[in-house]
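Below, each chain spelled out in residue letters.
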Amino acid sequence: MSVATLALTRRAEALGKWGGHLAGDDFVALPGSELTGWFPPAGLARLAATWQHLTRDETVTGGVVRERRYGRLSATRGPAGKWSFTALPHQAFQQAAEHIPLHEGRARMFSPIPAGTLADPVLTALIAVDLAIVSAVVPHARRFEVGLHQMRVLATPGVPGCPTPEGRHRDGHDFIGMHLIGRVHCAGGESVIHRDGLPQTRMTLTEPLDSLVVSDTRITHEVTPTVADGATGVRDMLLVDINER
C-alpha cells in the first residue's frame, strides 16, 4: 500500500469513527493535532489570516467585544461521495427567539465573508470533514445549506471575553461544527456540552483545529468566558451551521 493510499485509508477510518461517536453521543471532539495534518500548512495559514479582517459585531452589548463575518454555501454530495459547494447570496442571519431569547428573533446583518474566502479550498475541505461526519447520522442526505461564521472574541485585562453571551443554548440548526482557528493571551473558553440525564462534558479547545461537531437538535451547549493573561486575549473560531435541504 502506498503512502498516499495509507493516508486516505486512515482518514476514512477517522471520519467513520468520529461519525459513529456523533451518532451515538450527539457530539464528537476532533483533535486538531490530527486534523491539521490533513491540510497544507500554507493553506491553513492563509485561511487563518482572514480572521485579521473581520468587522465589529455591533449586535452584542454589555461590554462584549466580538468581531464577525457571515456567509452561506450550498453543499451537494455527488455519486462518488465528493462534496461540491456553491456560494449563496448574502443575507441577514436570524434565529428563533425560542432558541436565542437574547436577540428576540431579530434578523442580524453581519459583514459578508469575501467570495475568495468562501471558495478557499482549505475552508471547503474542512466543511467537507464536518459533512462526512454528519452523514453518519443522516446517511441519505445529499444536500445541505451551510452557514459560516468567522468569529473573534476579545478579552482585555479586567474585561473577560464572552463567546456565548446567550448562555446555555441551542442555535436552531441540525448540526454545528465548531473549529478553533487560534487563541493567544487568554485562558478559559471552556466548551460545555449538556445532555439530558447525563453529566456535563467539558473541554477546552486549545490547539489549531481542535473541534467539536454537535447535533444541535439534541443537546445544548455554551462556552465559558475567556480571560486575558496580561495582553489582549484573542479566540478565533469558525462555526459551521449545517441544515439538510
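Above this text is the structure in question.
On a predicted model such as this, the values are computed, not experimentally measured, just so you know. (Residues numbered from 1 in each chain as written. Predicted model: local features only at pLDDT ≥ 70, side-chain atom pairs only at ≥ 80, totals over all residues. Heavy atoms only, no water.)

**Let's talk about the pairing of strand 3 (residues 66-77)**
On a regular strand, each side chain points to the face opposite its neighbour's, so the side chains alternate between the two faces of the sheet.
Here is step 1 of the chain: Within strand 3, 10 of the 12 residues are buried, leaving the element largely enclosed by the surrounding structure.
Here is step 2 of the chain: Where strand 3 meets strand 5 (residues 143-155), 11 bridges bridge the pair, whose relative direction is antiparallel. Counted as the bridge partner of Ser74 is Glu145 from strand 5.
Here is step 3 of the chain: Counted between consecutive antiparallel strands, the loop separating strand 3 from strand 4 (residues 83-87) contains five residues, among which Gly81 sits at a positive phi close to 90 degrees. (Buried < 20%, exposed > 50% of the residue type's maximum accessible area, 1.4 Å probe, protein only. Helix = DSSP H or I, 4+ residues; strand = E, 2+ residues; numbered from the N terminus. Pairing = 2+ DSSP bridges.)

**Comments concerning empty space enclosed by the protein**
Here is step 1 of the chain: For the structure shown, the criterion picks out two cavities of 30 Å³ or more.
Here is step 2 of the chain: The calculated volume of the largest cavity comes to roughly 410 Å³.
Here is step 3 of the chain: Met151, Pro163, Thr164, Glu166 and Leu239 are the residues nearest the centre of the largest cavity, which is lined by 28 residues in total.
Here is step 4 of the chain: Elements supplying a minimum of two residues to the lining of the largest cavity: strand 3, strand 5, strand 6 (175-184), strand 8 (190-194), strand 11 (220-223) and strand 13 (233-244).
Here is step 5 of the chain: Looking at which element gives the most residues to the lining of the largest cavity, the answer is strand 13, with four residues.
Here is step 6 of the chain: Partitioning the lining of the largest cavity into residue classes produces 12 nonpolar, eight polar and eight charged.
Here is step 7 of the chain: Its boundaries defined by the atoms lining it, the second largest cavity holds a volume of some 40 Å³.
Here is step 8 of the chain: Lining the second largest cavity are Leu47, Trp51, Ile113, Thr117, Leu123, Leu148, Gln150 and Leu238.
Here is step 9 of the chain: Taken together, the residues of the lining of the second largest cavity sort by class into six nonpolar, two polar and no charged. (1 Å grid on protein atoms, 1.4 Å probe; cavity = no way out; pocket = protein on both sides within 12 Å on 5 of 7 lines; lining within 4 Å. Points joined across faces, edges and corners; volume = space filled by probe spheres on them. Nonpolar A, V, L, I, M, F, W, Y, C, P; charged D, E, K, R; others polar.)

**Here's the deal with the environment of Thr9**
Here is step 1 of the chain: By the element assignment, Thr9 lies in helix 1 (residues 3-25).
Here is step 2 of the chain: Separated by 68 residues in the primary sequence, Thr9 and Arg77 place their C-alpha atoms 20 Å from one another.

**Side note on the environment of Asp210**
Here is step 1 of the chain: Residue position: Asp210 is located in the loop between strand 9 (201-204) and strand 10 (211-215).
Here is step 2 of the chain: Between the C-alpha atoms of Asp210 and Ala45, which are 165 residues apart in sequence, the distance is 15 Å.
Here is step 3 of the chain: Within the local environment of Asp210, its side chain forms a polar contact with the backbone nitrogen of Gly32, the two atoms lying 2.8 Å apart. (Polar contact = N/O pair within 3.5 Å; in protein donor to acceptor, adjacent residues only side chain to side chain.)

**Some thoughts on the pattern of salt bridges**
Here is step 1 of the chain: Here the structure, examined in full by the defined rule, presents eight salt bridges.
Here is step 2 of the chain: Between Arg66 and Asp57 there is a salt bridge whose closest N-O contact spans 2.9 Å. Neither residue differs from the other here; Arg66 and Asp57 are each classed as buried.
Here is step 3 of the chain: A salt bridge links Arg245 to Glu145, with the nearest nitrogen and oxygen atoms 3.6 Å apart. With Arg245 in the segment after strand 13 and Glu145 in strand 5, this residue pair connects regions lying 100 residues apart in the sequence. (Salt bridge = Lys/Arg side-chain N within 4 Å of Asp/Glu carboxyl O.)

**Notes on the packing of aromatic side chains**
Here is step 1 of the chain: Scanning all chains against the criterion turns up two aromatic pairs.
Here is step 2 of the chain: Here Trp83 and Phe144 contribute two aromatic rings whose centre-to-centre distance is 5.7 Å and whose plane-to-plane angle is 50 degrees, an arrangement assigned as tilted. Taken together, the positions of Trp83 in strand 4 and Phe144 in strand 5 put the pair 61 residues apart, joining distant regions of the chain.
Here is step 3 of the chain: Residue Phe144 is classed as buried on the basis of its relative accessible area of 1%.
Here is step 4 of the chain: Arg68 extends its terminal NZ or CZ atom over the ring of Phe110, reaching a point 4.1 Å from the ring centre. (Phe/Tyr/Trp six-rings, centres within 6.5 Å; stacked < 30°, edge-to-face > 60°. Lys NZ or Arg CZ within 6 Å of the ring centre and 35° of its normal.)

**Thoughts on the sheet that holds strand 11**
Here is step 1 of the chain: Within the open sheet, the three strands sit side by side as 9-8-11. Their pairing is antiparallel. Here the strands that pair on one side only, and so sit at the sheet edges, are strand 9 and strand 11. Recorded for the sheet is a direction-independent mean angle of 15 degrees between the axes of neighbouring strands.
Here is step 2 of the chain: Judged from the four bridges that link them, strand 8 and strand 11 form a sheet pairing that is antiparallel. Within strand 11, the residue paired with His194 across the bridge is Thr220. (Axes fitted to C-alpha atoms, helices over the stretch in contact; angles between N-to-C directions.)

The analysis is restricted to geometry; functional conclusions fall outside its scope.
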